[in-house]
Amino acid sequence: MTAPFDLVIRGGTVATASDVFAADIGVRDGRIVQIGEALGEGAETIDATGRFVLPGGIDSHVHLSQPSGEGITMADDFESGTRSALFGGNTTILPFCLQEKGQSIREALKCYHALAEGQCYTDHSFHMIVSDPTAAVLGQELPALVADGYTSFKVFMTYEGLRLNDREILETMDVARRTGALVMVHCENEDAIRYLIGRHEAEGDVAPRAHATTRPVAVEREATHRALSLAEVVDVPVVIVHVSNGPAIEEIARARARGRKVIGETCPQYLMLTADDLEGMDWEGAKFVCSPPPRDKASQDACWTGLESGTFDLFSSDHCPFRYDDSAGKLNPKGRTSFRHIPNGIPGVETRLPILFSEGVMKGRIDLPRFVALTSTNHAKVYGLERKGRIAVGMDADIAIWDPAARRTIRHADLHDGADYSPYEGVPIQGWPTDVILGGKVMIRDGALEGRKGDGRYRPRALPRL
Ligand code: DUC
Ligand code: ZN
Ligand code: ZN
């Protein structure tokens, strides 16, 4: 007689975004088909006694193989980036597809699909970055892409060549209003940053620390307020990504108090790093250059409070990796002359979940259901991944089994990304995913890779459930 299940996960403690309970999980044909006590036989069994059984992590903010300026290469492609994500307990990631000026978004998507096809260890889908909102893009292309399952797009208020002006942001938001898609906004005021960069460079202050000084809280707070106001004018929900500080959080809270639908996201760097980390000798601070920059202890506390209280819906990595000791990375020839030329972004797709588990759950700041919501369930809801982010009958069997007693110290040598450092080197961690299952297939067993590249597949998405 054949076993009723392909896989049974037995004896673990299951956590969802609302509950924690002891149960076995039965998997068949890639889906969860039964949850209960003493389930029947599986062709394969995993004994999860003493461990937590959680939905696989969904990291909805990841950059892979993204063009990042002349002579600069991102440290991760889809193979290394998704392998690293998998080892960090993730089963789905949402990388960005950058529309370059003059390029159609379809064309850009074709390139990213070609880069990802057959290379991935996790499931994936794409957000589009709109950098050239022509009438054709806004009128025809974006609405057609939303209908095809690309249901979110990001706009930038900073970076020359990428930023949109307010009119363009309004018009892009209007596409979201008409289609039901979701706009994500990078909130920093480019003109204010340009002004401060000019002042610092004129004074010869060009070391990495000036990256943080030239992107102060006021620059993010103003842009956050403006993005929220523009969304209010258009009357659409909006995602404020990578929020780094208390005043920006207050802007979100005020908009919500006015009845606006706002999704807030923060990231590990805003809990674990400060601007002082950019101070390192011999340009070492370049390792921590990201935008918005890490700030101070009060900002870290505000972000923790936002995670605990519900202000934040999403905890993402903003994995945007560049090698440090590399002429195509942080220490590129121009980057050594001024902070302005250091590529913005840090690796973190593999350490996102262990950091929040260890610092958040194990230290009693958040409970396990909140961890699951912030790292998986909410990402699925917000970005239309209908069969993901939950341990429930009918869902994809995307599961991470965690050992809450595992103690590790973050060492880049143990990670699986393509960078040559971790910004969290030396951080002690309690709790790490030991087994990761994607669509019912055991991809990592007892910390060892069993899955193959190409096992992770592209997933078109539904409209957000907000
Ligand atoms: N914005 C991101 O979302 N990621 C890295 C750099 C940036 O500016
Ligand atoms: Zn951004
Ligand atoms: Zn990002």
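All values reported here derive from a predicted model rather than from experimental measurement. By convention here, each chain's residues receive numbers from 1 onward along its written sequence. Chain letters and ligand numbers both follow the written order, the letters beginning at A and the numbers at 1. The predicted origin of the model limits local features to residues at a pLDDT of at least 70 and limits the giving and counting of side-chain atom pairs to 80 or more, whereas totals for whole chains, interfaces and linings rest on all residues. The basis for every side-chain value is the complete set of non-hydrogen atoms in the structure, without hydrogens or water.

Q: Explain the nonpolar core to me, please; I cannot follow it from the model alone.
A: Most often, soluble globular proteins have nonpolar side chains that are buried together. Counting residues in hydrophobic clusters, the biggest one holds 115 residues, and the most contacted among them are Leu142, Phe153, Met173, Val185, Ile240, Leu356 and Phe371. Only runs of H or I of at least four residues qualify as helices and only runs of E of at least two qualify as strands under DSSP, and these elements are numbered from the N terminus. Ranked by the residues each element gives to this core, the list is headed by helix H7 (residues 217-234), at seven residues. Counting contributing residues, this core receives three or more from each of domain 1 (5-54 + 392-449) and domain 2 (58-369). Put simply, a nonpolar core is a bunch of buried Ala, Val, Leu, Ile, Met, Phe, Trp, Tyr and Cys residues held in one set by side-chain atoms that sit within 4.5 Å of each other. Partly exposed describes any residue whose relative accessible area lies between the buried limit of under 20% and the exposed limit of over 50%, with all areas from a 1.4 Å probe on protein chains only and scaled to the type maximum. Counting residues in hydrophobic clusters, the runner-up holds 18 residues, among them Ala23, Ile391, Ile399 and Ile401. All the domain ranges listed were derived from an automatic or database domain assignment.

Q: Hey, could you run me through the coordination of the zinc ion (ligand 3) in this one?
A: Ideal geometry at a metal gives 109.5 degrees between four tetrahedral donors and either 90 or 180 degrees between six octahedral ones. With water excluded from the atoms, a metal site may look incomplete; its donors are any N, O or S atoms within 2.8 Å, or within 3.2 Å for Na, K and Ca. Within the protein, the atoms that donate to the zinc ion (ligand 3) are His61 (NE2), His63 (NE2) and Asp318 (OD), at distances of 1.9 to 2.1 Å. Within one chain, the residues donating to the zinc ion (ligand 3) are spaced in sequence as H-x1-H-x254-D. The metal-metal distance between the zinc ion (ligand 3) and the zinc ion (ligand 2) is 4.1 Å. One end of the pair, His61, is in strand S6 (residues 57-62); the other, Asp318, is in the loop between strand S14 (314-315) and helix H11 (352-362), with 257 residues separating them in the sequence. The exposure class assigned to His61 is buried, which follows from its relative accessible area of 0%.

Q: What exactly am I supposed to notice about empty space enclosed by the protein here?
A: Rolled over the atoms, a probe with the dimensions of a water molecule shows which regions are left empty. Here a cavity denotes grid points, spaced 1 Å and computed from the protein atoms alone, that fit a 1.4 Å probe unable to get out, and a pocket denotes an open set having protein on both sides within 12 Å along at least 5 of 7 lines; residues with an atom within 4 Å of a point are the lining. Grid points are joined across faces, edges and corners, and a volume is the space filled by probe spheres set on the points. In this structure the tally under the stated criterion is two cavities of 30 Å³ or more. If you add up the space inside the largest cavity, you get close to 50 Å³. Together, Leu54, Pro55, Gly56, Gly57, Gly89, Leu353, Phe371, Val372, Thr375, Ala400 and Trp402 line the largest cavity. Elements with a contribution of two residues or more to the lining of the largest cavity: strand S5 (52-55), helix H12 (368-382) and strand S15 (399-409). Of all the elements, H12 adds the most residues to the lining of the largest cavity, at three residues. In this count, Pro and Cys sit with the nonpolar residues alongside Ala, Val, Leu, Ile, Met, Phe, Trp and Tyr, while Asp, Glu, Lys and Arg are called charged and the others, Gly among them, polar. For the lining of the largest cavity, the per-class residue count stands at seven nonpolar, four polar and no charged. If you add up the space inside the second largest cavity, you get close to 30 Å³. Taken together, the residues of the lining of the second largest cavity break down into five nonpolar, three polar and two charged.

Q: Any chance you could explain the packing of aromatic side chains here in plain terms?
A: When we look at a pair of aromatic rings, we describe it by the centre distance and by the angle of the planes. Between 30 and 60 degrees the pair is tilted, below 30 it is stacked and above 60 it is edge-to-face, where a pair is any two Phe, Tyr or Trp rings, Trp via its six-membered ring, whose centres lie within 6.5 Å. Evaluation of the coordinates by the stated rule reveals ten aromatic pairs. Relative to Phe126, the ring of Phe78 has its centre 6.0 Å away and its plane inclined at 70°; by these criteria the two rings are edge-to-face. Pair noted here: Phe78 is in helix H1 (residues 78-87) and Phe126 is in the loop between strand S8 (123-124) and strand S9 (127-129), with a separation of 48 residues, a long-range link. Note on Phe126: relative accessible area 0%, which makes it buried. Ring centres of Phe126 and Tyr458 lie 6.3 Å apart, and the angle between their planes is 20°; this geometry places the pair in the stacked category.

Q: Teacher, can you tell me more about the site of ligand 1 here?
A: Inspection of the region around ligand 1 gives His61, His63, Lys154, Phe156, Tyr159, His186, His242, Ser291, Asp318, Cys320 and Asn344 as its neighbouring residues. A distance of 2.9 Å separates an oxygen atom of ligand 1 from a polar side-chain atom of His61. Separating a nitrogen atom of ligand 1 from a side-chain N or O atom of His63 is a distance of 3.1 Å. The protein chains shown are the only cover counted for residues, whose accessible areas, like all others here, come from Shrake-Rupley with a 1.4 Å probe. For ligand 1, whose accessible area on its own is 240 Å², the fraction buried by protein is 96%. For a molecule to be placed in a cavity or pocket, more than half of its atoms must lie within 2 Å of the grid points of that cavity or pocket. Most atoms of ligand 1, that is more than half of them, are within 2 Å of grid points of the largest pocket. Here a residue counts as near a molecule or strand whenever at least one of its heavy atoms sits within 4 Å of it. Here a polar contact is recorded for every N or O atom pair within 3.5 Å, except that within protein the pair must consist of a potential hydrogen donor and a potential acceptor, and residues adjacent in sequence are included only if both atoms are side-chain atoms.

Q: I keep staring at the pairing of strand S1 (residues 5-15) and nothing clicks. Help me out?
A: Consecutive side chains along a regular strand alternate between the two faces of the sheet. One requirement defines pairing of two strands: DSSP has to find at least two bridges between them. Note that S1 and strand S4 (residues 42-47) share five bridges and pair parallel. Opposite Phe5, over in S4, you have Gly42 as the bridge partner. Judged from the seven bridges that link them, S1 and strand S2 (residues 20-28) form a sheet pairing that is antiparallel. Opposite Gly12, over in S2, you have Ala23 as the bridge partner. Counting the residues in the hairpin turn of S1 and S2 gives four residues. In this structure, S1 lies alongside S5, joined through two bridges in parallel fashion. Paired with Thr13 across the bridge in S5 is Phe52.

Q: Teacher, can you tell me more about the domain arrangement of the protein chain here?
A: One frequent convention defines the size of an interface as the accessible area lost when the parts assemble. Segmentation of the protein chain into domains returns domain 1 (5-54 + 392-449) and domain 2 (58-369). Centre-to-centre, using C-alpha coordinates, domain 1 lies 28 Å away from domain 2. Contact between two residues is taken to exist if any of their heavy atoms lie within 4.5 Å; hydrogens are not considered. Of the residues lining the interface, 38 residues belong to domain 1; the matching set on domain 2 comes to 40 residues. Of the roughly 3,200 Å² buried where domain 1 meets domain 2, counting both sides, 69% is carbon and sulfur surface. Note on terms: buried area is the combined drop in 1.4 Å-probe accessible area of two parts once they are placed together, counting the loss on both. The largest contributions to the domain 1 side of the interface with domain 2 come from His416, Tyr421 and Tyr424, which together make up 23% of the buried area. Salt bridge criterion: a side-chain nitrogen from Lys or Arg within 4 Å of a carboxyl oxygen from Asp or Glu. The interface formed by domain 1 and domain 2 holds zero salt bridges in total.

Q: Hey, could you run me through the side chain of Ser338 in this one?
A: Examined against the element boundaries, Ser338 turns out to sit in the loop between S14 and H11. Residue classification places Ser338 among the buried residues on the basis of a relative accessible area of 3%. Other than its neighbours up to four places away in sequence, Ser338 contacts Glu201, Val206 and Trp283.

Q: For this particular structure, what's the right way to read the packing of helix H2 (residues 105-116) against helix H3 (residues 135-147)?
A: Describing two packed helices takes the angle between their axes plus the distance from one axis to the other. With axes taken as lines fitted to C-alpha atoms, and helix axes fitted only over the stretch in contact, angles between N-to-C directions fall between 0 and 180 degrees. Running from N to C, H2 and H3 cross one another at 35°; their axes reach a closest spacing of 10 Å. Facing H2, whose interface residues are Ile105, Arg106 and Leu109, H3 presents Val137, Glu141, Leu142, Ala144 and Leu145. Partitioned by chemical class, the residues of the contact of H2 with H3 number six nonpolar, no polar and two charged.

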